[in-house]
Amino acid sequence: MEVRLPADLTRQVERELATGRYHTSDQLIEEAVRYFLEDRERSQRRLDALRRVGQAVDEAGLYERVLVPSQE
């Protein structure tokens, strides 16, 4: 696979390589893609958990108790 980066990202990659943390641009890009995919997966799990909480609150009728003042 060949990846072409815009000039600003290319400069950032070159700066990272100059630090010595990465030996090749492939190594840096691989880590960046892994981080991106893992972060997206974590975000999706958090969103799914929030949806489950919202559904449980809705099913328990708690929205009505909190959001609708008593008519008594």
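Here we summarise the structure given alongside this text. (Residues numbered from 1 in each chain as written. Predicted model: local features only at pLDDT ≥ 70, side-chain atom pairs only at ≥ 80, totals over all residues. Heavy atoms only, no water.)

Turning to the overall build of the chain, a few remarks are in order. Helices and strands together make up the secondary structure of the chain, namely 3 helices and 0 strands. Traced from its N-terminal end to its C-terminal end, the chain shows the element sequence α-α-α. Here the chain, with 72 residues, has 7% of them falling under the buried criterion. Carbon and sulfur atoms form 54% of the exposed surface of the chain, whose accessible area is close to 6,700 Å². (Helix = DSSP H or I, 4+ residues; strand = E, 2+ residues; numbered from the N terminus. Buried < 20%, exposed > 50% of the residue type's maximum accessible area, 1.4 Å probe, protein only. Areas by Shrake-Rupley, 256 points an atom, 1.4 Å probe, with all protein chains shown as cover.)

As a further point, take the pattern of salt bridges. Applying the stated criterion across every chain yields a total of 6 salt bridges. Among the ionic pairs, Arg4 bridges to Glu2, the shortest N-O distance being 2.9 Å. The class of Arg4 is exposed, set by a relative accessible area of 73%. When the shortest N-O distance is used, the salt bridge between Arg34 and Glu30 registers 2.8 Å. With Arg34 and Glu30 both in helix α2 (residues 25-59) and 4 residues apart, this pair spans about one turn of that helix. (Salt bridge = Lys/Arg side-chain N within 4 Å of Asp/Glu carboxyl O.)

A separate point is the environment of Leu28. Inspection of the secondary structure puts Leu28 in helix α2. Leu28 sits in the buried class, given a relative accessible area of 11%. Residues Leu28 and Glu16 lie 12 residues apart in sequence; the distance between their C-alpha atoms is 8.1 Å. Once residues lying within four places of it in the same chain are set aside, the contact partners of Leu28 are Val13, Glu16 and Tyr22. (Contact = heavy atoms within 4.5 Å.)

Before going further, it helps to examine a nonpolar patch on the surface. Nonpolar side chains collect at one region of the surface, where Met1, Val3, Leu5 and Leu9 lie side by side and expose about 440 Å² of accessible area between them. Mapped onto the fold, Met1 is located in the segment before α1 (7-19). (Patch = residues over 30% accessible without salt bridge, like charges linked within 9 Å, V, L, I, M, F, W, Y side chains within 5 Å.)

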